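The residues making up each chain are set out below.
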Amino acid sequence: MVIRIVTYLFVVCGISFLALYIGENSLAAIVCSMLLIPVCSIMMLLISFFRLRYEEIVDKLQVGRNENITYTLTVKNRDFFIYPSVNIHFKENSGLGLGGRQDVCILPRNQYDIVQNITCSHIGQYDIGVRGIELWDFFRFVKIKVRMKENRITIDVLPKIITLESFKAITGGEYNGSHNGHNSQVEDRTEILDIRRYERHLPLKYIHWKVSAKRNELMVKKYDMMEDKMVYLFVDIGKYGTPDDHKRIQDIVIETVIAISKYSVERNIPVTVCFNNESLTVVKITDSYGFHMFYHSISRMQLDKAVDIEYVIEKYQHKGIHMNSMLVITSNISVDLQNLLIHAVKIRAKAALVYPVPDIHHENADVIQLMEDLNEKSVYSYSIAQADDIKNILEK
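Note that the structure is predicted; figures quoted are calculated from it, not measured.

Colleague: Please set out the overall build of the protein residue by residue, giving values where relevant.
Modeller: A tally of regular secondary structure across the protein gives 11 helices and 18 strands. In the protein, the proportion of contacts linking residues at least 24 apart, taken out of those at least 6 apart, comes to 71%. For the protein, the accessible area works out to roughly 21,300 Å², and carbon and sulfur atoms hold 54% of it.

Right, dumping it as structure tokens:
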């Protein structure tokens, strides 16, 4: 910009000197025009600053991972002169791939539409849209920044809900492959803990027909034996690998937690999810409503790793809490973690390790050996490189 102004003034001064030296009136007229035109250009720029309007539209504010949204930006020129240079800067967003800059020219009494189809590749909340708009005059001597609207466009990318048909780390060999996912146990009325309303996913064999007839609504029996089948899910929220790897790992971790929680709750098995953040956040899920609330909140949780996941597990084991199933999701496998999982098996709990692969381009021989050792010690181990592979791997 400075070079253009200096060059222009140099030309004007040169022509002015020539006009004075020669005394030619036509050269003097050219000099006056060259001084007047930039002034008019700047005046038009000031008018466009107050008259320019823009509008942002997104077809969906809440989507699932890998779904698409359509973002439309409309910039309107309501004047009778051209907007020669409108620089539009978009918010940089690695999670959605939106960003960069566009330089457009808008004709009089016209509008310019920018339409982008965005694939929401990763779970989380993302601010998208225009970061700033700059207007230039015709000669690109002067630049003015347009005042931006205060409203933000936030896209909420939710995890995919994966429905597992079987998961040995919880149900073991008891699962019979039926659509309702419950064990074909002989009913024992002495084990009934409570009566509650029927939910769609529950099998008909649990309906208490006498109570249902009295209350004129379907009621089911809640068994005491289900209370003992508490699943403890220890989730490592540490950041591993590059930023892109971290996003991929985060998708695997969140969708694995969702899939296992859904699988357990559908079978009346409560789930306790433990995170290794500073406050050691614990979420207990006992029914479909609790799962629904957890599903919509997990992608918004601001969790930063504060302690090792081994510390969280040891804390629960030292409390003497009985764990029917203990599952660990981490990309950092250590010998200490291996020993904790083996200890869980020794006290007759089902133990499993879900390993989101931090680097899909290089295999870690030490990790492979540790996982093989865990399999030999009756600890289920699952290695997942992509979130789309969760269902196939966990059902093995």
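Colleague: Can you lay out the side chain of Arg248 for me, pointing to particular residues and giving the numbers?
Modeller: Locating Arg248 in the fold gives a position in helix H6 (residues 243–265). Given the relative accessible area of 9%, Arg248 is considered buried. In this structure, Arg248 is in contact with His122, Val357, Pro358, Asp359, Ile360, Ala385 and Gln386, ignoring residues within four places of it in sequence.

Colleague: Can you break down unusual backbone geometry residue by residue, with the values?
Modeller: A positive phi angle, close to 75°, is found at Asn66, a residue other than glycine. Mapped onto the elements, Asn66 comes out in the loop between strand S2 (62–64) and strand S3 (68–77). Accessibility expressed as a relative area gives 34% for Asn66, which makes it partly exposed. Phi angles above zero are rare outside glycine, and Arg140 is one such case at about 55°. Along the chain, the position of Arg140 falls in the loop between strand S8 (130–136) and strand S9 (143–145). Taking relative accessible area as the criterion, Arg140 reaches 27% and is therefore assigned partly exposed.

Colleague: Account for the packing of H6 against helix H7 (residues 288–298), with residues named and values stated.
Modeller: Packing of H6 against H7 leaves a shortest axis separation of 10 Å and a crossing angle of 175°. Overall, the two elements H6 and H7 adopt an arrangement that is roughly antiparallel. Between H6 and H7, the residues in contact are Ile254, Val257, Ile258, Ser261, Lys262 and Val265 and Ser288, Phe291, Phe294, Tyr295 and Ile298, respectively. A per-class count over the contact of H6 with H7 returns eight nonpolar, two polar and one charged.

Colleague: Pulling in residues and values, what's your account of H7?
Modeller: Turning to H7, its buried residues are Phe291, Phe294, Tyr295 and Ile298. Each buried residue of H7 lies within a common arc of 105° when the element is viewed along its axis, so the set occupies one face. Buried residues in H7 make contact with strand S10 (153–158), H6, strand S14 (271–275) and strand S15 (282–285).

Colleague: Could you give an account of the environment of His246, with specific residues and numbers?
Modeller: Note that His246 resides in helix H6. Given the relative accessible area of 17%, His246 is considered buried. Taking C-alpha positions, His246 is 7.7 Å from Pro358, a pair spaced 112 residues apart along the chain. In this structure His246 touches Gly238, Lys239 and Tyr240, once residues within four positions along its chain are discounted.

Colleague: Report on the environment of Asp113, specifying residues and quantitative values.
Modeller: By secondary structure assignment, the location of Asp113 is in strand S6 (residues 110–119). Since its relative accessible area comes to 40%, Asp113 is described here as partly exposed. Spatially, the C-alpha atom of Asp113 lies 4.5 Å from that of Thr74, the residues being 39 residues apart in sequence. In contact with Asp113, not counting residues within four places along its chain, are Leu73 and Thr74.

Colleague: Report on the side chain of Glu134, specifying residues and quantitative values.
Modeller: Relative to the elements of secondary structure, Glu134 occurs in strand S8. A relative accessible area of 13% means that Glu134 is categorised as buried. A polar contact is formed between the side chain of Glu134 and the side chain of His89, at a distance of 3.4 Å. Not counting the four nearest positions on each side in its chain, Glu134 is found in contact with Ser85, Val86, Asn87, His89, Lys143, Ile144 and Lys145.

Colleague: Could you give an account of the packing of helix H8 (residues 309–318) against helix H9 (residues 335–346), naming the residues involved and the relevant values?
Modeller: Running from N to C, H8 and H9 cross one another at 30°; their axes reach a closest spacing of 10 Å. In this view, H8 runs roughly parallel relative to H9, as classed from their interaxial angle. Viewed along their axes, H8 and H9 form a crossing whose handedness is left-handed. Facing Glu310, Ile313, Glu314 and Gln317 of H8, the residues of H9 in contact are Asp336, Leu337, Leu340, His343 and Ala344.

Conventions we followed
- Residues numbered from 1 in each chain as written.
- Predicted model: local features only at pLDDT ≥ 70, side-chain atom pairs only at ≥ 80, totals over all residues.
- Heavy atoms only, no water.
- Helix = DSSP H or I, 4+ residues; strand = E, 2+ residues; numbered from the N terminus.
- Contact = heavy atoms within 4.5 Å.
- Areas by Shrake-Rupley, 256 points an atom, 1.4 Å probe, with all protein chains shown as cover.
- Buried < 20%, exposed > 50% of the residue type's maximum accessible area, 1.4 Å probe, protein only.
- Axes fitted to C-alpha atoms, helices over the stretch in contact; angles between N-to-C directions.
- Parallel < 35°, antiparallel > 145°, perpendicular 65-115°, else oblique.
- Nonpolar A, V, L, I, M, F, W, Y, C, P; charged D, E, K, R; others polar.
- Arc of directions from axis to C-beta.
- Polar contact = N/O pair within 3.5 Å; in protein donor to acceptor, adjacent residues only side chain to side chain.
- Left-handed = near helix turned anticlockwise from the far one by under 90°.

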